[in-house]
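Understanding the architecture of this molecule
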Amino acid sequence: MKYDMLLLRFGEFTLKGKNRNRFEKTIITHVKSVLASYPSAEIQKEYGRLYIALNGENAPELIAELKKIFGIVSISPVVVCASQLDKIIETGASFIEQMELLTETTFKVTAKRAWKAFPHPSQEMNHLVGSPLLKKFPLLKVSMKNPELQLRVEIREQGTYIYCEVIPAVGGFPRGSNGKAMLLLSGGIDSPVAGFSSMRRGLEVECVHFYSYPFTSRKAKEKVLELAKVLSGYAGSVKVHLVPFTEIQTSFTGLGQDNLIITLMRRSMLRIATMLAEREGALAIVTGDSLGQVASQTLPSMNVIGKATELPLLRPLVMMDKSEIIEISKQIGTYELSILPYEDCCTLFVPKSPTTNPNLHVVERIEASISALPAMLEDAVARTETVLLTPDSVIEADREDGIDDNWF
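Residues numbered from 1 in each chain as written. Predicted model: local features only at pLDDT ≥ 70, side-chain atom pairs only at ≥ 80, totals over all residues. Heavy atoms only, no water.

**Overview of the packing of aromatic side chains**
Counted according to the given criterion, the structure contains eight aromatic pairs. Where Phe-70 meets Tyr-234, the ring centres are 6.0 Å apart and the plane angle is 35°; that geometry is what we call tilted. Taken as a pair, Phe-70 in the loop between helix 2 (59–66) and strand 4 (72–81) and Tyr-234 in helix 6 (residues 218–235) lie far apart in primary sequence, 164 residues in all. Judged on exposure class, the residue Phe-70 and its partner Tyr-234 are both buried. (Phe/Tyr/Trp six-rings, centres within 6.5 Å; stacked < 30°, edge-to-face > 60°. Helix = DSSP H or I, 4+ residues; strand = E, 2+ residues; numbered from the N terminus. Buried < 20%, exposed > 50% of the residue type's maximum accessible area, 1.4 Å probe, protein only.)

Structure representation (structure tokens):
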């Protein structure tokens, strides 16, 4: 099928009144960045919608890119003709003909007369277009409820758009329209989904990953960067902060408080993420916590861990079942990476019996006994390496204990 244009529909932000123009400008900027790889395509804007004139560009390939743009709720590839009855019928017949029907197919026409000067109203157009198509294509059978093929006809002054597909897109709010947050990104299933969910609500996300060389391997770090690269496909680019955590992590192992190691680690991670947030201008921290999933995600544990920072803690997955999280990870393309057998620092240091009900005063007393802890936290921030990932980034580390400057 040869299409002339793509119709892009906006999502819920169109209800936001005075902020609507700002959101639309953000989406258009994002769309333009995608179209940079498709030089012949052109943007045409209408109220509440965006059209992309293809001018010969590959429609399926471009749709695959555009449906990842936050704020776009659906996309339809359309054929355009003059807003004249005979041209509409002729183009509708050509549209059906290119579908090469082989079996009996239920069908209806849904016309919309947006241009009120057009002489035939919507209901009349359903019949005027549908009748000749039924005569020309005997495999078409009328069905007003749940037809297999719904030919949509939108009549506008500048032209009539004919299409049948409505391809779902990610929806949500445009990228970065609701501020910036730091995402604690591990190599597991949950945190990339939390990142995607936050980005979908209009947050610009910067990732913070903690690695403990030599306890964690180079492959573990590469896995996390590949996950961030997938997320960059939805945002255009994603910044990743790689924090050396070995010294801090090992400082907790000789305290005789093994059941609190995860609590202590997570609190230190939040403190470091808070320092990075202040440096980068972020206003919140995002985690992949899901209530009750593991010992550090019981309500008492989350309460004690969360008190390590004054920034808002956003937990998009907190009420989700694991099956729901896995399903989203498959949809966004992170699942197969997340299940690769390269463990992160939290996984390797899980004690046999982690506490599910830590005492805040005990935890604070333990932290206070490690006099060097504040300096170690500041040193970890100072030695943090930052990389900017795009969907085209090549991840190929040459050094075991750091980031190769020639990766990208």
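Still more ground to cover, so stick around.
**Examining the pattern of salt bridges**
The full count for this structure, using the stated rule, is 15 salt bridges. Ionic pairing is found between Lys-322 and Asp-190, a salt bridge with its closest N-O pair at 2.8 Å. With a gap of 132 residues between them, Lys-322 in helix 10 (residues 322–332) and Asp-190 in helix 5 (residues 190–200) connect regions that are remote in the sequence. The partly exposed category is assigned to Lys-322, whose relative accessible area is 33%. On the basis of relative accessible area, Asp-190 is assigned to the buried category, the value being 10%. With a closest N to O distance of 2.6 Å, Asp-289 and Arg-266 form a salt bridge. Note that Asp-289 is positioned in the loop between strand 13 (285–286) and helix 9 (299–306) and Arg-266 in helix 8 (residues 261–280), a separation of 23 residues in sequence. Of the residues examined, Asp-289 reaches a relative accessible area of 3% and is grouped as buried. Take Arg-266: its relative accessible area is 16%, and that puts it in the buried class. What you see here is one network of salt bridges that share partners, running through Lys-180, Glu-206, Lys-239, Arg-279 and Glu-280. (Salt bridge = Lys/Arg side-chain N within 4 Å of Asp/Glu carboxyl O.)

**What about the nonpolar core?**
Ranked by internal contacts, the top residues of the largest apolar core, which has 44 residues, are Leu-6, Val-31, Leu-62, Leu-66, Leu-133 and Leu-151. Counting residues per element, this core draws most heavily on helix 1 (residues 20–35), which supplies five residues. With near-sequence residues (within four places) excluded, Leu-66 lies in contact with Leu-6, Leu-8, Val-31, Val-34, Ile-52, Ile-72 and Ile-75. (Core = buried A, V, L, I, M, F, W, Y, C linked by side-chain atoms within 4.5 Å. Contact = heavy atoms within 4.5 Å.)

**Here's the deal with the state of the cysteines**
If you walk through the whole model with that rule in mind, you get zero disulfides. The thiol of Cys-81 is unpaired, and the distance to the nearest cysteine sulfur, on Cys-164, comes to 15 Å. (Disulfide = S-S within 2.5 Å.)

**Observations concerning helix 2**
Three or more residues of helix 2 are buried, namely Ala-59, Leu-62, Ile-63 and Leu-66. An end-on view of helix 2 places all buried positions within 105° of arc, on one side of the element. Those residues of helix 2 that are buried lie in contact with strand 1 (5–10), helix 1, strand 3 (49–53), strand 4 and strand 9 (167–168). Residue Asn-58 occupies the N-cap position of helix 2, its side-chain oxygen lying 2.8 Å from the main-chain nitrogen of Glu-61. (Arc of directions from axis to C-beta. Polar contact = N/O pair within 3.5 Å; in protein donor to acceptor, adjacent residues only side chain to side chain.)

**What about the environment of Glu-385?**
Along the chain, Glu-385 turns up in strand 15 (residues 385–389). With 141 residues separating them in the primary sequence, Glu-385 and Pro-244 have C-alpha atoms 8.6 Å apart.

**Some remarks on the packing of helix 8 against helix 14 (residues 373–382)**
Put simply, helix 8 and helix 14 touch, their axes get as near as 10 Å, and they point 50° apart. Here helix 14 runs oblique to helix 8, going by the angle between their axes. Judged by the twist between their axes, the crossing of helix 8 over helix 14 is right-handed. For the pair helix 8 and helix 14, the contacting residues are Ser-268, Arg-271, Ile-272, Met-275, Leu-276 and Arg-279 in the first and Leu-373, Leu-377, Glu-378, Ala-380 and Val-381 in the second. (Axes fitted to C-alpha atoms, helices over the stretch in contact; angles between N-to-C directions. Parallel < 35°, antiparallel > 145°, perpendicular 65-115°, else oblique. Left-handed = near helix turned anticlockwise from the far one by under 90°.)

**Overview of the environment of Lys-141**
By the secondary structure assignment, Lys-141 is in strand 6 (residues 140–142). For Lys-141, a relative accessible area of 38% corresponds to the partly exposed category. When the C-alpha atoms of Lys-141 and Met-182 are compared, they prove to be 54 Å apart, with 41 residues separating the residues in sequence. At a separation of 3.4 Å, a polar atom in the side chain of Lys-141 contacts the main-chain carbonyl oxygen of Pro-138.

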